[in-house]
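Residue-level listing of the chains:
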Amino acid sequence: MGFALRADSAGAPTTIAEAMAWGGPWPAAVAKELSNHAANGSWIKIPLTDLPHGRKLTKLVYVFKLKRDGTAKARLCVQGCTMVDGVDYEQTFSQTLRYSSARALFAFAASTGCNVRSIDWVAAYLQG
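Computed from a predicted structure; not experimentally measured. (Residues numbered from 1 in each chain as written. Predicted model: local features only at pLDDT ≥ 70, side-chain atom pairs only at ≥ 80, totals over all residues. Heavy atoms only, no water.)

Enquirer: Sorry if this is basic, but what is going on with the pairing of strand β1 (residues 60-66) here?
Expert: Side-chain direction in a regular strand flips from residue to residue, so the side chains alternate between the two faces of the sheet. Relative to strand β2 (residues 72-78), β1 is paired through seven bridges, and the arrangement is antiparallel. Across the sheet, Leu60 pairs through a bridge with Val78, a residue of β2. The turn linking β1 back onto β2 is made up of five residues, and Gly70 within it adopts a positive phi angle of 95 degrees. (Pairing = 2+ DSSP bridges. Helix = DSSP H or I, 4+ residues; strand = E, 2+ residues; numbered from the N terminus.)

Enquirer: Can you help me understand helix α2 (residues 26-40) in this one?
Expert: Note: α-helices contain 3.6 residues per turn, so residues at a spacing of three or four share the same orientation. With 15 residues, α2 extends 21 Å from end C-alpha to end C-alpha; this agrees with the ideal 21 Å at 1.5 Å per step. Along α2, the residues classified as buried are Trp26, Ala29, Val30, Glu33, Asn36 and His37. On an axial view of α2, the arc spanned by its buried residues comes to 120 degrees, and they lie on one face. Residues of α2 that are exposed and point more than 90 degrees away from the buried face comprise Ala28, Ala38 and Ala39. Close packing links the buried residues of α2 with α1 (16-22), β1 and β2. Gly41 sits one or two residues past α2 and shows a positive phi near 60 degrees. (Expected span 1.5 Å × (residues − 1). Buried < 20%, exposed > 50% of the residue type's maximum accessible area, 1.4 Å probe, protein only. Arc of directions from axis to C-beta. Contact = heavy atoms within 4.5 Å.)

Enquirer: Can you help me understand the nonpolar core in this one?
Expert: Nonpolar side chains tend to gather and get buried jointly when the protein is soluble and globular. Within the largest apolar cluster, nine residues are counted, these being Ala12, Ala19, Trp26, Ala29, Val30, Tyr62, Phe64, Ala74 and Leu76. Among the secondary structure elements, those contributing two or more residues to this core are α2, β1 and β2. With three residues, the top contributor of residues to this core is α2. Not counting residues up to four positions away in its chain, the partners in contact with Leu76 are Glu33, Leu34, His37, Trp43, Leu60, Val61 and Tyr62. (Core = buried A, V, L, I, M, F, W, Y, C linked by side-chain atoms within 4.5 Å.)

Any functional reading would require information beyond the geometric quantities listed.
This is the structure we're talking about:
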């Protein structure tokens, strides 16, 4: 039997249409995500007629999650597997901290009596 991890959570919408129809915290979460992108200049709008010949638009999907504290989170994700280096993007990817690495750091801190602080950086994924 295979196992898979879900990025979204149970009780969360699976599409943008569902999120808007359900109301509640979801439209605000979507608006916050879009304002984060606008504030960071993640993209610029262009008319469809300005799309270079032979190029396709990259698909965007939303991932919705209910956090443990009851707040809603919406993330706008690009389907990166369809992008071409040097054509669709010019920046390199830097992986986030792996779960096993975080566990090792916390274990080391616990064994040496160190204090650990953490922060929740809003839209950290946009801070290249």
